[in-house]
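A closer look at the structure
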Amino acid sequence: MSTTSTVRSPLEIMAELLSFDGKQNPYPLYEQMRAHGPVVDVQGAHFFVTGYRECSWALREPELLASTDDAVQDRRLPGWRDHSSWVWLTKNMLFSNNPRHERLRRFFGNAFSAQRVLALADMIDRLSDDVVDHLAREGADGRTVDLVEHFSYRFAISVIGELIGVPSEDQPGMRHGIGAITIALDPITDMSMLDPGDVAMDRFAEYFYGLVARLRANPGTDMTSGWIKALDNGGDITEEELVANLMLLVVAATEAPQDLLSNTIRLAIEHPEFHDRIKTDPDFTAGFIEESFRFDPAVQALNRVATRDFDFFGHPVAAGTPLTLLIAAANRDPRRYDNPASFVPTRTENQPLTLSGGSHYCLGAALARMSVQAVLPKLITRFPDLTIAGAPTFRNQIVQRGHATLLITLK
Ligand code: HEM
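Residues numbered from 1 in each chain as written. Predicted model: local features only at pLDDT ≥ 70, side-chain atom pairs only at ≥ 80, totals over all residues. Heavy atoms only, no water.

1. What to know about the pattern of salt bridges
Tallied over the full model, the rule gives 23 salt bridges. In this structure, the salt-bridge partner of Glu 239 is Arg 216, at a minimum N-O distance of 2.9 Å. Here the residue Glu 239 occupies a position in helix H14 (residues 239–252), and Arg 216 occupies one in helix H12 (residues 195–217), the gap between them amounting to 23 residues. Looking at Arg 216, the relative accessible area reads 33%, which means it is partly exposed. Salt bridges sharing common partners tie together Arg 266, Glu 270, Asp 296 and Arg 401. (Salt bridge = Lys/Arg side-chain N within 4 Å of Asp/Glu carboxyl O. Helix = DSSP H or I, 4+ residues; strand = E, 2+ residues; numbered from the N terminus. Buried < 20%, exposed > 50% of the residue type's maximum accessible area, 1.4 Å probe, protein only.)

What follows is the structure, given as structure tokens:
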């Protein structure tokens, strides 16, 4: 009997991926998509890419593939100009193409270089101790506690908040807005999906214009004060671009690191056999974190658009065609990884695509890795008997994958 009759079409698979149940465990669905090949051609109108080599190549081809700037948005999401979430997003570096992308990346990039991040070790160590203490208080006497709210979110926002000058008392109140803004990254099937993100973006814009005014009058040692000074001394950026990119930084440096941290801790709880090495062996811990990036990535898919006609691994792609790079599927490509469905923290040459690649490669990659590397051993050492209390569930989002809540007990 032919098996092809039982293979579902790419659009049927994508529809299930977009359902709430599909999002709880998308990995079997990616394998169904992979059965159609590393590049899945939906009648030339859209491509889904499941292969590691193919995704990796696509991320690194700025001449052929561009991210979602305003010209692309006009074709992809008519009506977006009435939604302040997308109006602001298109002003930040992530959703810009050259020459603006290069200019913005140059302006903000230095602050997050590997060398500058190394100098933040003491600060990250202090914030790690603070969040472990906070969790101890919240989960005292065997109380069930939500790891996402009281550990992952709190730690991620404390790091970026301190770096860009957001006072700690303002940080807890930003959580809902940050989450709402990331919904804009999902496939938008109804424009009202953008409403909560629009409200949050307007509120954040007002907040960050206010923060810039306060820090201009009374500068501190934070990055924003430095950027305001550069701007006022004729720097190659406008105040609106500064505000747009501060909002990008607060969202990008909170939501994905929160999800990475929650996913990594869940994997650590599920694998107590690795605890001794996490506590004592930083190289092993780095490998454990990298494998978490590969195995259950906080970012599952990235969008690209062809800027001209080209041949993509034997498939003709016309200018203007969207490509969905399923990087979470690429991270499990059996042509690239042995036993891709197994969690193996000792893998060598891991290099998952979770932090993207090419010109938009995550600006916070060094900061994200260093932060988790600092806090994870402290958590496992302080609470050797962490236990998950109830079945973990994931948010109703496909691009940004993370737990809505992750209830745990400390002992
Ligand atoms: C686990 C944590 C993180 C993950 C999984 C992640 C993932 C990503 C990905 C996939 C992209 C590129 C998207 C694309 O190519 O279309 C990106 C870009 C970016 N990330 Fe991260 N990120 C993380 C942490 C951070 C942190 C801590 C920061 C703080 C600085 C940050 C700031 C940025 C910025 C500013 C960009 C835009 C870069 C550009 O367009 O040139 N990210 N990130």
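2. Quick notes on the nonpolar core
In terms of nonpolar packing, the biggest core is built from 95 residues, with Phe 112, Phe 151, Met 174, Phe 208 and Trp 227 touching the most fellow members. At 10 residues, the largest contribution of residues to this core is made by helix H10 (residues 147–164). When neighbours within four sequence positions are excluded, Phe 208 is seen to be in contact with Ile 164, Val 166, Met 174, Val 243, Leu 246, Met 247 and Val 250. In this structure, Val 39, Phe 47, Cys 55 and Leu 59 belong to the second largest nonpolar core, which totals 19 residues. (Core = buried A, V, L, I, M, F, W, Y, C linked by side-chain atoms within 4.5 Å. Contact = heavy atoms within 4.5 Å.)

3. Structural notes on the domain arrangement of the protein
Domain parsing of the protein yields domain 1 (1–66 + 300–353) and domain 2 (67–299 + 354–409). Each of domain 1 and domain 2 has a C-alpha centre, and these two points are 25 Å apart. Between domain 1 and domain 2, the contact holds 37 residues from the first and 39 residues from the second. Both faces combined, the contact of domain 1 with domain 2 buries some 3,000 Å², and carbon together with sulfur accounts for 57% of it. Taken together, the connections running from domain 1 to domain 2 amount to 1 salt bridge. In this structure, the salt-bridge partner of Arg 347 is Glu 291, at a minimum N-O distance of 2.9 Å. (Domains from an automatic or database assignment. Buried area = accessible area lost by both parts, 1.4 Å probe.)

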